Amino acid sequence: MHLQVENVSKRFGHGTAAKLVLDQISFDLHSGEFLALVGSSGSGKSTLMRLIAGLERPSTGSIRIDGQPVRGPGSDRGMVFQKYSLYPWLTAAQNVAFGMSLQGRPRLEIRERTAYFLEVVGLADAARRLPRELSGGMQQRVAIARALAAEPRVLLLDEPFGALDIQIRETMQEFLHRLWSQTGLAALLITHDLEEALLLANRVHILAPSPGRIVRSVVVDHDRSAMGQLRVSPAFLALREELASCLRSLEPASGR
Amino acid sequence: MPRINHPWTLGIAGVALVLLLWAGVSNSGLVDRLFLPTPQAVWTAAQGQWSSGMLVRDALASIQRVFLGFALSAGLALPIGIAMGSNTVICRLLEPLMGLIRYMPAPAFIPLLIIYFGLEELPKVLLIFIGTFFFNTLMIMDAVKFVPHELIETARTLGGRQLPILTRVVAPYIAPQVLDTYRINMASAWNLVIVAELVAATEGLGKRISLAQRFLRTDEIFLGLIVIGLIGLLIDLGFRALMRRSCAWAN
Ligand SMILES: Nc1ncnc2c1ncn2[C@@H]1O[C@H](COP(=O)(O)OP(=O)(O)OP(=O)(O)O)[C@@H](O)[C@H]1O
Ligand SMILES: [Mg+2]
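Within each chain, residue numbers correspond to sequence positions counted from 1 in written order. As a convention, the first chain written is A and the first ligand written is 1, with the rest following in written order. Confidence filtering applies because this is a predicted model: local features only for residues at pLDDT of at least 70, side-chain atom pairs given and counted only at 80 or more, and all residues used for totals across whole chains, interfaces and linings. Note that water and hydrogens are dropped before the side-chain values are worked out from all heavy atoms of the structure.

(A) Representation of the site of ligand 1. All names here are of chain A. Proximity criterion: a residue is near a molecule or strand once any of its heavy atoms comes within 4 Å of it. In the vicinity of ligand 1, 13 residues are found, and the nearest of them are Lys19, Ser41, Lys45, Ser46 and Thr47. Within 3.5 Å is the distance limit for a polar contact, defined as a pair of N or O atoms, with the added protein rule that one can donate a hydrogen and the other accept it, and that residues adjacent in sequence qualify only through two side-chain atoms. Ser41 places a side-chain nitrogen or oxygen 2.6 Å from an oxygen atom of ligand 1. Lys45 places a polar side-chain atom, nitrogen or oxygen, 2.8 Å from an oxygen atom of ligand 1. Here, Shrake-Rupley sampling with a 1.4 Å probe gives the accessible areas, and only protein chains in the shown set may cover a residue. Isolated, ligand 1 exposes 640 Å² of accessible area, and the fraction of that covered by the protein chains is 62%. Every element with two or more residues in the shell around ligand 1 is listed here: strand S2 (19–30) and helix H1 (45–53). Helix and strand definitions here come from DSSP, where helices need a minimum of 4 consecutive H or I residues and strands a minimum of 2 consecutive E residues; each element is numbered from the N-terminal end.

(B) Up close: the sheet that holds S2 of chain A. Residue and element names in this part refer to chain A. Across the sheet, four strands lie side by side as S2-S1-S4-S5; this open sheet has antiparallel pairing. Looking at which strands have only one partner, the edges of the open sheet turn out to be S2 and strand S5 (68–69). Here, strands pair whenever DSSP counts at least two bridges between them. Bridge count between strand S1 (residues 2–12) and strand S4 (residues 60–65): five bridges; the pairing is antiparallel. Paired with Glu6 across the strands is Ser62, a residue of S4.

(C) Examining the layout of surface pockets more closely. Residue and element names in this part refer to chain B. The distinction between a cavity and a pocket rests on a 1 Å grid over the protein atoms alone: a 1.4 Å probe fits inside a cavity but cannot get out, while a pocket stays open yet meets protein on both sides within 12 Å along at least five of seven lines, and a residue with an atom within 4 Å of a point counts as lining. Grid points are joined across faces, edges and corners, and a volume is the space filled by probe spheres set on the points. Computed from the structure, the largest pocket encloses a volume of approximately 490 Å³. If you go around the largest pocket, you meet 19 residues; those closest to its centre are Ile152, Arg156, Arg161, Gln162 and Ile165. Residue assignment for the lining of the largest pocket shows that the elements contributing at least two residues are helix H3 (54–86), helix H6 (121–145), helix H7 (149–157) and helix H8 (162–199). Gly counts as polar in this scheme, as do all residues outside two lists: the nonpolar Ala, Val, Leu, Ile, Met, Phe, Trp, Tyr, Cys and Pro, and the charged Asp, Glu, Lys and Arg. The class makeup of the residues in the lining of the largest pocket is nine nonpolar, seven polar and three charged.

(D) Molecular detail of the sheet that holds strand S7 (residues 154–158) of chain A. All names here are of chain A. The six strands lie next to each other as S6-S7-S8-S3-S9-S10, forming an open sheet whose pairing is mixed. The open sheet has two free edges, formed respectively by strand S6 (77–80) and strand S10 (213–219), since each of these has just one partner strand. Each neighbouring strand pair of the sheet contributes to a mean axis angle of 20°, computed without reference to strand direction. Inspection of the sheet shows strand S9 (residues 203–208) paired to S10 by six bridges, in the antiparallel sense. Looking at S10, one finds that Leu207 is bridged to Ile214. Axis angles are defined between N-to-C directions and span 0 to 180 degrees, where every axis is a line fitted to C-alpha atoms and, for a helix, only to the segment in contact.

(E) Spotlight on the confidence of the model for chain B. This prediction gives chain B a mean pLDDT of 92; 99% of its residues lie at or above 70. Two numbers describe this predicted complex: its pTM, 0.86, and its ipTM, 0.89. Within a predicted model, pLDDT stands for the predictor's per-residue confidence, ranging from 0 to 100.

(F) Molecular detail of a nonpolar patch on the surface. Put simply, a patch holds well-exposed residues, over 30% relative accessible area, that have no salt bridge, with like charges counted together within 9 Å and Val, Leu, Ile, Met, Phe, Trp or Tyr side chains within 5 Å. Every case where a carboxyl oxygen of Asp or Glu lies within 4 Å of a side-chain nitrogen of Lys or Arg is listed as a salt bridge. Among the surface-exposed residues, Leu21, Val25, Leu30, Val31, Leu34, Phe35 and Leu216 of chain B lie close enough to one another that they form a single nonpolar patch of about 710 Å² accessible area. Looking at the secondary structure, you find Leu30 of chain B in the loop between helix H1 (9–27) and helix H2 (39–51).

(G) A look at the interface of chain A and chain B. Note on contacts: a residue pair is in contact if any heavy atoms of the two residues lie within 4.5 Å. Taken together, the contact pairs 25 residues of chain A with 18 residues of chain B. Interface area for chain A against chain B, summed over the two sides, is near 2,000 Å², with a carbon-plus-sulfur share of 64%. Once two parts are brought into contact, the accessible area they lose, counted with a 1.4 Å probe and summed over both, makes up the buried area. It is Tyr87, Trp89 and Leu102 of chain A that lose the most area in chain A upon contact with chain B, and together they represent 31% of the buried surface on that side. The tally of links between chain A and chain B comes to two salt bridges. In this structure, the salt-bridge partner of Arg50 of chain A is Glu153 of chain B, at a minimum N-O distance of 2.7 Å. Inspection of the region where chain A meets chain B yields six residue pairs in polar contact (both at pLDDT 80 or more). Residue assignment for the side of chain A that touches chain B shows that the elements contributing at least two residues are H1, S6, helix H2 (92–102) and helix H4 (136–149) of chain A. Counting residues per element, the side of chain A that touches chain B draws most heavily on H2 of chain A, which supplies four residues.

(H) Looking closely at the pattern of salt bridges. In total, this model carries 26 salt bridges over all chains according to the counting rule given. Between Asp76 of chain A and Arg153 of chain A there is a salt bridge, with its nearest N and O atoms 3.7 Å apart. Here the residue Asp76 of chain A occupies a position in the loop between S5 and S6, and Arg153 of chain A occupies one in the loop between H4 and S7, the gap between them amounting to 77 residues. Linking Glu150 of chain B and Lys83 of chain A is a salt bridge whose minimum nitrogen-to-oxygen distance equals 3.6 Å.

(I) Region of interest: the packing of H6 of chain B against H8 of chain B. Residues and elements named next belong to chain B. Interaxial distance between H6 and H8 falls to 8 Å at its minimum, and their mutual angle equals 155°. If you check the angle between H6 and H8, you find them roughly antiparallel. Crossing hand, H6 versus H8: right-handed. Classifying every residue of the contact of H6 with H8 gives 16 nonpolar, seven polar and one charged. Note on terminology: angles under 35 degrees are roughly parallel, angles over 145 are roughly antiparallel, angles of 65 to 115 are roughly perpendicular, and the others are oblique. Take the far helix as the reference: if the near one is turned anticlockwise from it by less than a right angle, the crossing is left-handed, and if turned clockwise, right-handed.

(J) Spatial organisation of the pairing of S1 of chain A. Residue and element names in this part refer to chain A. Relative to S2, S1 runs antiparallel, the two sharing eight bridges. When the sheet's bridge partners are listed, Lys10 is paired in S2 with Leu22. The turn joining S1 and S2, which pair antiparallel and follow one another in sequence, is formed by six residues; a positive phi near 85° is taken by Gly13.

(K) Seen up close, unusual backbone geometry. All names here are of chain A. A cis geometry characterises the amide bond from Ser210 onward to Pro211, with omega recorded as -10°. Counting through the fold element by element, Pro211 comes out in the loop between S9 and S10. Even without being glycine, Asn7 reaches a positive phi, approximately 45°. Looking at the secondary structure, you find Asn7 in strand S1. In this model, Ser210 sits at a positive phi of 45°, which is unusual for a non-glycine residue. Mapped onto the fold, Ser210 is located in the loop between S9 and S10. Ser210 gets classed as exposed once you look at its relative accessible area, which sits at 59%. Burial classification: accessible surface area is computed with a 1.4 Å probe over protein chains only, and a residue below 20% of its type maximum counts as buried, one above 50% as exposed, and the rest as partly exposed.

Following this line, the structure appears as structure tokens:
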């Protein structure tokens, strides 16, 4: 899998009311890579994700998957939204099965894969529960299982843990890291949490706001086997501080 | 002993209070019995109409009209409301028209309906249809517009196309609101069937009331009103039960 984002710009509105939200964004993502985009609120992160998902069209530039231009949404790109997007009338298992059943897969296969992915996200016991009976972290794990079960070639994660409190966030980060290293999937994570990006991704792009553009890219290759220690290791903290000051310098009117 | 904090206790007490008041005033002789019949008189009338089979026949006639008219209205309002709520072109085309017709009082259509379709069943059924279809449709349209777009977009990223999204995301999401819409508009259907029967019918609860008026049988008028109220209440409770059972996730 090769995702190519080339000179993508996005403008909302027309004429004098037009607003440039993304300016000439380019990057690549291959199978087995984990890429994170970090930017402050309003820097166009979700917009970029929606362009890649095919929910919106770029104003200029191109987005391709294995050479094929993205023309609309499709199950080759699995998306996990910022806000909970489980179907409230379906159980956890039915939510996981939803994409597969839209794809018209055979019943037996759906049943087996549903059980498998619920197991992967550690929710086999919660299969029959409704979303409102699940905690926020469990709900996002179901959403991830649902996206994975549809067999995407790239997983798009738009601040998937943004609404969770800090402890659950850390568990979820470790969970996501394990998941990614086991599946070898291509993952694109959007976040405004620098630590999260540095913990999970091999490459981190920093987005500057208004208009959103990539101002810095770093390759991150530390040992992730012990995430708890990594969070406090000097090299990690130094890189985090350096990028944090970069992000701060990008804030408009930084006197406040 | 019924528990005082049971949700129904106060409601039943309210009804009992009014019944007692009615019994007291009507039996005291303060008011002419011609105007205010006693509960016993109404009960006797009920027994009479029950044993002659008239009560059941009237009720069935009215229920059948309501059922036919409302089924037609509900059945058409669902697809059209969903289409209007999910497609801007269809919405812009139909919403002003429906918004206009909605404010025309349905009973005002009775003369036209009689001219077109005579005095048989069809005009009564159509009156109920006209009186509820536009409300049903516009309320369903509104429900569709408020489906969270994350739910729709998730389905699209999972490979869902337009029709499956309507049937498998939009329809289940709005189901509780659709049932509630039907429950509310069912009340108008009952108003209208009585109005239609007052104008022209050979049987029906409304017809019975207008005949009773001609012979100054206030006990029968009271009986008709009470029966209409009870049937309406039962239908309302039925919708609520259906909603509780089929849409447990929404509670
Ligand atoms: N459909 C739209 N029409 C007009 N403007 C839009 C639209 N979608 C997004 N925008 C604008 O684009 C800018 C970026 O929005 P976006 O949601 O992509 O930011 P974000 O980086 O995801 O922010 P957050 O961290 O708060 O989620 C915002 O100023 C927003 O107002
Ligand atoms: Mg966002």
